[in-house]
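Structure at a glance
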Amino acid sequence: MKLVILAVLFVSVVHSTEDHCHQSWTGSGSCGYSNACYKTDYFKSVYHGTIQARPNFQASQEAEKLHKAMDGAGTKDNAVIDILTSCDNEQRQLIAQAFEEIYEKNLIQVLKSELSGDYGDVVVHLVEPSAEYEAWLMNEAISGFGTEEDVLIEIMSFRNKEQLESIQQAYETKFGKTLADDIDSDTSGNMQKLLLTLMKGERDEPHEVVQSFAKSDATFLYQEGEDRFGTDDDLFLSVFTSRSWDQLAATCKAYEELYDKSMEDVLEEEFASGIMSGLKKLVAFSRDRAVYFADKLHEAMSGMGTDDETLQRIIITHCEVDMLEIKEAYRNKYGRTLGNMIRDDCSGNYKRVLLALIN
């Protein structure tokens, strides 16, 4: 009953401010990404991609340049990289369409025949529609022994309802089964609830942070968590998956001020390891997602060998959204640029295409 009343009251406040809100994650044609979250007086999160739509873009011209770069003996890799990293994913779909219309060949198949290794993988994924690429990422995370919940959470947390619906459609088309069914069969308990809820894309869009409701959320979380025997798991899941990122950050701050304990410590005490880790990720996203992904990139390139799957996934899925902030967070935390780390850890055309995407 408390949860229902709180939800109704919160929604009424969000609706009352919706005329002042700007969407940070909006659909944009076949790509589904926006290039930035535009700042207003009402929320703090401002993010910018390093890859943006190219002005004065002509798909047929770019298709012809690509064909010339791959025609004859050898491939002019610098030209391929320049063409495909100087426009966004939506424009790449137009290039692929023009390429097939002009040359009667599928661009992705041509690229696969011309390129190889990690470099080839990155280029092919750049040309794939975003929804298809992310559907593939999710299937990779679910398939095999165990489930990589991190990958699922990191993708679904930053996609809006429309984007998630596109991913689910692509998933069913490509794999002949629904994403929900795969999550349902491969996970259980609260982690299953968390993933299925995130898949719906019901998080509030950015809006003016309502401090009184942050305190109310914090109070309810305390009353239904630390202050009772047994935790109301559904309340935590509801608040963590429905509040806007800034509102969730305000709730975590209010909790610490009211009860002198960080939300991370609360989660560690109240939840089992799996779901606790998932909820802590959402808290980290709300506090500063750029720092979170900077850490992930650093881990991918530290130690023996490179976690190329993580490196490619984060750069490809964030280059149009928030890579400028991730780069800044990386430099501030690790005392060197992300570009220099990539230069030291990667080589050849693989290094060149990754650097082009972050610059």
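For the structure, see preceding data.
Residues numbered from 1 in each chain as written. Predicted model: local features only at pLDDT ≥ 70, side-chain atom pairs only at ≥ 80, totals over all residues. Heavy atoms only, no water.

On to the overall build of the protein chain. Across its full length, the protein chain carries 20 helices and 2 strands. In the structure as shown, the protein chain presents an accessible area of about 16,400 Å², 46% of it carried by carbon and sulfur atoms. (Helix = DSSP H or I, 4+ residues; strand = E, 2+ residues; numbered from the N terminus. Areas by Shrake-Rupley, 256 points an atom, 1.4 Å probe, with all protein chains shown as cover.)

As a packed pair, helix α16 (residues 273-301) and helix α18 (residues 323-334) sit with axes 8 Å apart at the nearest point and diverge in direction by 70°. Regarding the angle of α16 to α18, the classification is roughly perpendicular. Judged by the sense of rotation from one axis to the other, the crossing of α16 with α18 is right-handed. On the side of α16, the interface is formed by A290, V291, F293, A294, D295, L297 and H298, while α18 contributes E325, I326, A329, Y330, K333 and Y334. (Axes fitted to C-alpha atoms, helices over the stretch in contact; angles between N-to-C directions. Parallel < 35°, antiparallel > 145°, perpendicular 65-115°, else oblique. Left-handed = near helix turned anticlockwise from the far one by under 90°. Contact = heavy atoms within 4.5 Å.)

Of all the 11 residues making up helix α17 (residues 308-318), 9 are buried; the element is thus mostly covered by neighbouring parts of the structure. Within α17, burial applies to T310, L311, Q312, R313, I314, I315, I316, T317 and H318. (Buried < 20%, exposed > 50% of the residue type's maximum accessible area, 1.4 Å probe, protein only.)

Here the focus is the environment of K327. Looking at where K327 falls in the secondary structure, it is placed in helix α18. Put simply, K327 and A294 are 33 residues apart on the chain and 7.1 Å apart in space, counted from C-alpha to C-alpha.

The next subject is the nonpolar core. F240 and M263 are the most contacted members of the largest nonpolar core, which totals 102 residues. Per element, the largest residue contribution to this core is 13 residues, and it comes from α16. In contact with M263, not counting residues within four places along its chain, are L221, F236, F240, C252, Y255, V283 and R287. (Core = buried A, V, L, I, M, F, W, Y, C linked by side-chain atoms within 4.5 Å.)

What follows is about the pattern of salt bridges. A side chain of one charge can pair with a side chain of the opposite charge if their charged atoms are brought near each other. Scanning all chains against the criterion turns up 19 salt bridges. One salt bridge connects E320 with R92, and the closest N-O pair in it is separated by 3.9 Å. Taken as a pair, E320 in the loop between α17 and α18 and R92 in helix α4 (residues 89-103) lie far apart in primary sequence, 228 residues in all. Here E320 matches R92 in class, with each residue buried. With its nearest N and O atoms 2.9 Å apart, the salt bridge here joins D295 to K333. (Salt bridge = Lys/Arg side-chain N within 4 Å of Asp/Glu carboxyl O.)

In this description, an aromatic ring pair is defined by two values, namely the gap between the centres and the angle between the planes. In this structure the tally under the stated criterion is 16 aromatic pairs. Ring geometry for Y171 versus F175: centroids 4.9 Å apart, planes at 55°, classification tilted. Of this pair, Y171 and F175 both sit in helix α9 (residues 161-175), 4 residues apart, which is roughly one turn of that helix. Assessed through its relative accessible area of 24%, F175 is described here as partly exposed. Lying across the ring of W245, R203 places its NZ or CZ 3.7 Å from the centre. (Phe/Tyr/Trp six-rings, centres within 6.5 Å; stacked < 30°, edge-to-face > 60°. Lys NZ or Arg CZ within 6 Å of the ring centre and 35° of its normal.)

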